[in-house]
Amino acid sequence: QVQLAESGGGLVQPGGSLRLSCESSSSISSLLSMNWYRQAPGAERVLVAAAARNGNTNYQDSVNGRFTISRDNAKNTVYLQMNSLKPEDTGVYSCNAIYMRSGVTLASWGQGTQVTVSS
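Note that the structure is a prediction, hence the values are computed from the model and not measured.

For the structure shown, the criterion picks out one aromatic pair. It is arginine 45 that lies over the ring of tryptophan 109; its NZ or CZ is 3.7 Å from the centre.

Set out below in C-alpha cells:
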C-alpha cells in the first residue's frame, strides 16, 4: 500500500502563502493521480486540486488562480502552493493517491495537515 505523509500546514494571515508537501512511499510516476482535499470544520471533505499522471491538473473553482499543484517525480512528492489565502481556505488538508494494483483501483490517504487562515 502507498503511504503518504503531509507537511507544511500552519497558521497564516489572510493574503499570505503556504506550501504543503505530500511525500509518497512509492514512486509517484506510477500513480494514476495525486490529489489534495480539504475538510473545513463541520463540512464534508472536498477536492481542492488534482494532478494526473499525464500532467493534467484540475482545481476547485474557489482556488483556481490562487493554488498550484505540482509533482516532483524525483522526490516522490506532490506540492500544493497556496497563495492569497482566505479565511475560507481554513481546514484540514489531506493528500490522496489513486493507483492500480493487480487490476484493482486503490486509494491511499495521508493523515492530514491543519491550515488556519486568520488575522
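Strand direction decides the pairing type here: strand β9 (residues 91-101) and strand β10 (residues 104-109), joined by six bridges, are antiparallel. Bridge pairing in β10 places tyrosine 99 opposite leucine 106. Counted along the chain from β9 to the antiparallel partner β10, the turn is two residues long, and its residue serine 102 has a positive phi close to 55 degrees.

Before going further, it helps to spend a moment on the pairing of strand β4 (residues 33-39). For a regular strand, side-chain orientation follows a simple rule: the groups alternate between the two sheet faces. Burial of β4 is extensive: five of the seven residues sit out of reach of the surface. Where β4 lies against strand β5 (residues 45-52), seven bridges are found, and the strand directions are antiparallel. Looking across to β5, one finds that tryptophan 36 is bridged to alanine 49. Hairpin remark: β4 followed by β5, antiparallel, with five residues in the connecting loop; positive phi at glycine 42, about 75 degrees. Across seven bridges, β4 lies against β9 in antiparallel orientation. Note on β9: the bridge partner recorded for glutamine 39 is valine 92.

About the criteria used
Along each chain, residues carry numbers from 1 onward, in the same order as the chain's sequence is written. Predicted model: local features are reported for residues with pLDDT of at least 70 only, side-chain atom pairs are reported and counted for 80 or more only, and whole-chain, interface and lining totals are derived from all residues. In computing side-chain values, all of the structure's heavy atoms are included and hydrogens and water are not. Stacked, tilted and edge-to-face are the three classes applied to pairs of Phe, Tyr and Trp rings, where Trp contributes its six-membered ring and a pair requires centres within 6.5 Å; stacked means planes under 30 degrees apart, edge-to-face means over 60, and tilted covers the rest. Each ring is checked for a lysine NZ or an arginine CZ that lies within 6 Å of its centre and within 35 degrees of its normal; such an atom marks a charge sitting over the ring. For two strands to be treated as a pair, DSSP must find at least two bridges joining them. By definition, any uninterrupted DSSP run of H or I lasting at least four residues is a helix, any uninterrupted run of E lasting at least two residues is a strand, and each is numbered from the N terminus. Throughout this description, buried means an accessible area under 20% of the type-specific maximum (1.4 Å probe, protein chains only), exposed means over 50%, and partly exposed covers the range between.

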